[in-house]
Amino acid sequence: MQLLIVDDEIHWVDNLSMNKPWHTLGIEQVHKAYSAREALELIDTHPIDIVISDILMPEMTGIELIEIIRERDRKIKCILLSGHSDFEYAKQAIRHNAVDYLLKPPSDAELLGAVGSAVEQLNTDWEMVSSLERTTYALRENLPLLRGRLLLDALDGQRMSTDEWERKLTSYGLPFTVGTCALLLVRMEEEFGKYRNNGQPLIEYAIINMAEEVMGEFLEVWGVKEEHGYLAFLLQFKPQAPPVREGLLEKLATRLQEKVKQFLKGSLSIVMTDPFRFPEELPDAFRRATAYFRQIVGDEREFVMRLSEPAGPSEQGALRSLYLSPSLETLLEAGRWDEAEEKLNTVCDELDGHWSESWEHCMETGFLIAASYTNLAHRGGRTLESLLGQEIEPLQRGEAFSSIARLRKWSIAALHLLQEGTSNEVKDNRSSYVRKVQAFADKNLHLDVSLRALADHVNLHPTHLSKIYKIETGEGISDYVANLRMERASQKLKSTDKKVYEVGLEIGYMDPAYFIKVFKRHFGMTPQEYRDSAK
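Every chain is numbered on its own, with residues counted from 1 as its sequence reads. Predicted model: local features are reported for residues with pLDDT of at least 70 only, side-chain atom pairs are reported and counted for 80 or more only, and whole-chain, interface and lining totals are derived from all residues. Excluding hydrogens and water, the side-chain values take into account all heavy atoms of the structure.

Comments concerning helix 23 (residues 527–534)
- Listed in full, the buried residues belonging to helix 23 are P527, Y530 and R531. In an axial view of helix 23, the angular spread of the buried residues amounts to 100 degrees, which keeps them on one side of the axis.
- For helix 23, the secondary structure elements touched by its buried residues are helix 20 (477–495), helix 21 (500–506) and helix 22 (512–523). Partly exposed residues are those whose accessible area sits between 20% and 50% of the maximum for their type, while under 20% is buried and over 50% is exposed, using a 1.4 Å probe and protein chains only. Note on conventions: DSSP H or I runs of at least 4 residues are helices, E runs of at least 2 residues are strands, and numbering of each starts at the N terminus. Note: the arc covers the axis-to-C-beta directions of the helix. Here a residue-residue contact requires only that any non-hydrogen atoms of the pair lie within 4.5 Å.

Given below as structure tokens:
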């Protein structure tokens, strides 16, 4: 857990942070803030769990601070300290759900007791959030989506170990085992077209439920709508299924057609596969089934067909690794460059091993790679030529696809250029944000230039802005603003006759006493002493 101590008395904050046995309470890190504004910036950039704050501070009281904290993160526990026994303060602290209200200086027992109570409350809160009962309820509520996503991943060739599959099947409450299964692919025919813009998901859900009802006596049924618009059903025989199963799938599929036509007034066309081993052979069975639908042309519909053999020579000669999930385009968009290079090598290895004499397979691979690269460039507002430079020429001349060796060499060289160009683009974006932040702070020091205000100015989350600013400059935003204020103050003190409080106001300090304290902490002397020494 992380603790934040807030007080404008520097020695008090330093003493509390360094000389108390916070580690005995499970506190791993203690942060210090000498104003409410600094506290809010730390809360924006660190996962603060507990705040100890003085009430009477310049610019903003502790009561106002915890009110803002409550708006931003209700889980943070707050403890208030005050040098005055004021019932009104205590009442406001209670109203804002402060863990405790202590008089300064508190004894170690009082202070550690209050923080210990806050730790207990946090542990209780998070135990409730992560409780088995709550997690189980959330899982149960989202099971249909999770089950559907898992089946889609399986159809797409998502690779997982047998143990991982068995664990997921069990945790999702799916009564399937790794082993023999069959696949049923269902096409909803034109009668259902009237629901395309209104009610289509309900019709699909109804058909999945009807399939479970029709086949559930003898088969485990797991259905989902896949990306081409088919309803895909993974089927596995139950132990109580009849020993002679020849023709049973066809019979049940025909019954499903009849019930859908009777109650939903629409027809289905169905292709089913022979048994295969789940999950490793499911992607191939799925591809053969979809290919079978593609080969059926004309008016043929409302059929039940069994797919016993691969769909034909074209499917036997199809590339596999090129289309397995995750796709090259997905890897590029996510910036997973090493995985993208690994995929390119895997695809080229498949070409070498199975299609070394096929120019068409090489061309198919090259066109997909080029299209993925071009899409990435255009998404970033660039052209592929601007990112690849001279490497665009082999693509333009068609040489990049003329052999597997050339395809491998070109695609990987181009990938490295894309990575370099994208990295430079990210760095340019970071530099742009830094310039915008610094320009805004420079013009508006007399206004709100907190981390949140600066983040709002550049339309970024405070935590993200803080990170990219630190990466780009090596210092935190709050340090930059504080140093800028002190630099501006020193210039004004040396070059103008303005009063000290006027200088403070012009750089954003509403409280003169607080400005003097901060200035002295930075320069080792008061503003007036600094002015006198510069004469």
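Some remarks on the environment of C181
- For C181, the location among the structural elements is in strand 6 (residues 179–188).
- Using a relative accessible area of 3% as the deciding quantity, one classes C181 as buried.
- Counting along the chain gives 93 residues from C181 to D274, while the straight-line C-alpha distance between them is 8.5 Å.

A word on the sheet that holds strand 4 (residues 77–82)
- An order of 2-1-3-4-5 is seen for the five strands of this open sheet, with the pairing classed as parallel. The strands lining the two open edges of the sheet, one partner per strand, are strand 2 (29–33) and strand 5 (100–103). For this sheet, the mean angle separating the axes of adjacent strands, direction not counted, is 20 degrees.
- Whether two strands pair comes down to DSSP finding at least two bridges between them. In this structure, strand 1 (residues 2–6) lies alongside strand 3 (residues 50–54), joined through four bridges in parallel fashion. The residue of strand 3 that forms the bridge with L3 is I50.
- Only C-alpha atoms enter the line fits that serve as axes; for helices the fit covers just the stretch in contact. Angles between N-to-C directions range over 0 to 180 degrees. The sheet strands contacting helix 1 (residues 10–18) are strand 1, strand 2 and strand 4, and the helix crosses strand 2 at an angle near 180 degrees.

Some thoughts on the pairing of strand 11 (residues 304–307)
- Only one face of strand 11 is covered, namely the one carrying M305 and L307; the face carrying V304 and R306 has none of its residues buried.
- By the bridge criterion, four bridges tie strand 9 (residues 268–273) to strand 11 in an arrangement that is parallel. Residue M272 lies in a different strand from strand 11, and its bridge partner there is R306.

A short note on the nonpolar core
- Remark: nonpolar core denotes a set of buried residues (Ala, Val, Leu, Ile, Met, Phe, Trp, Tyr, Cys) joined through side-chain atoms within 4.5 Å. Of all hydrophobic cores here, the largest spans 32 residues; its most connected members are W22, I50, I52, I79, V115 and F515.
- Going through the elements one at a time, strand 1, helix 1, strand 3, strand 4, helix 5 (108–129), helix 20, helix 21 and helix 22 are the ones with two or more residues in this core.
- Considering every element that reaches this core, the biggest residue donor is helix 5, with six residues.
- For I79, the residues in contact, after removing those within four places along its chain, are I50, V51, I52, S53, V99, D100, L102, A114 and V115.
- Listed in part, the 31 residues of the second largest apolar core include C348, C362, L415 and L418.

Re the packing of aromatic side chains
- Here a pair means two rings of Phe, Tyr or Trp (six-membered ring of Trp) with centres within 6.5 Å. Their orientation is stacked below 30 degrees between planes, edge-to-face above 60, and tilted elsewhere. Across all of its chains, the model carries 15 aromatic pairs by this definition.
- Pairing F401 with W410 gives two aromatic rings, centres 6.5 Å apart and planes at 80 degrees, and the pair type is edge-to-face. Across this residue pair, the class does not change: F401 and W410 are buried.
- For the pair Y469 and Y480, a centre-to-centre distance of 6.1 Å together with 50 degrees between the ring planes defines the contact as tilted. Remark: Y480 occurs in helix 20 and Y469 occurs in helix 19 (residues 462–473); sequence separation between them is 11 residues.
- Given a relative accessible area of 1%, Y469 falls into the buried group.
- Judged by its relative accessible area of 16%, Y480 falls in the buried class.
- Feature note: the residues Y509, Y514, F515, F519, F523 and Y530 constitute an aromatic cluster, connected by ring pairs.
- Charge-over-ring placement is defined geometrically: NZ (Lys) or CZ (Arg) within 6 Å of the ring centre, and within 35 degrees of the ring normal. Here K104 stacks its cationic end above the ring of W12, 5.0 Å away from the centre of that ring.
- Positioned above the aromatic ring of F237 is the side chain of R245, whose terminal nitrogen or guanidinium carbon lies 4.5 Å from the ring centre.

Observations concerning the side chain of Q236
- Topologically, Q236 is positioned in strand 8 (residues 231–237).
- Residue classification places Q236 among the buried positions, given a relative accessible area of 8%.
- Only 3.1 Å separates the side chain of Q236 from the backbone oxygen of T180, close enough to count as a polar contact.
- Apart from the residues lying within four places of it in its own chain, the contact partners of Q236 are P175, F176, T177, G179, T180, C181, F218, L219 and E220. Within 3.5 Å is the distance limit for a polar contact, defined as a pair of N or O atoms, with the added protein rule that one can donate a hydrogen and the other accept it, and that residues adjacent in sequence qualify only through two side-chain atoms.

Examining unusual backbone geometry
- With omega at -10 degrees, the peptide bond leading from K104 into P105 counts as cis.
- Note on placement: P105 falls in the loop between strand 5 and helix 5.
- Phi at E302 takes a positive value of approximately 55 degrees, unusual for a residue other than glycine.
- Along the polypeptide, E302 turns up in the loop between helix 10 (282–295) and strand 11.
- Overall, E302 belongs to the partly exposed group, its relative accessible area being 32%.
- Look at N459: it is not a glycine, yet its phi comes out positive at around 60 degrees.

Remarks on a nonpolar patch on the surface
- Patches here are clusters of residues that have more than 30% relative accessible area and form no salt bridge, with a 9 Å joining cutoff for like charges and a 5 Å cutoff for nonpolar side chains (Val, Leu, Ile, Met, Phe, Trp, Tyr). Computed by Shrake-Rupley with a 1.4 Å probe, the accessible areas treat only the displayed protein chains as cover when residues are assessed. Whenever a carboxyl oxygen of Asp or Glu lies within 4 Å of a side-chain nitrogen of Lys or Arg, that contact is scored as a salt bridge. A cluster of nonpolar side chains, contributed by Y501, L505 and M510, occupies part of the molecular surface with about 290 Å² of accessible area.
- Among the secondary structure elements, L505 is positioned in helix 21.

Shape descriptors only; they carry no functional weight alone.
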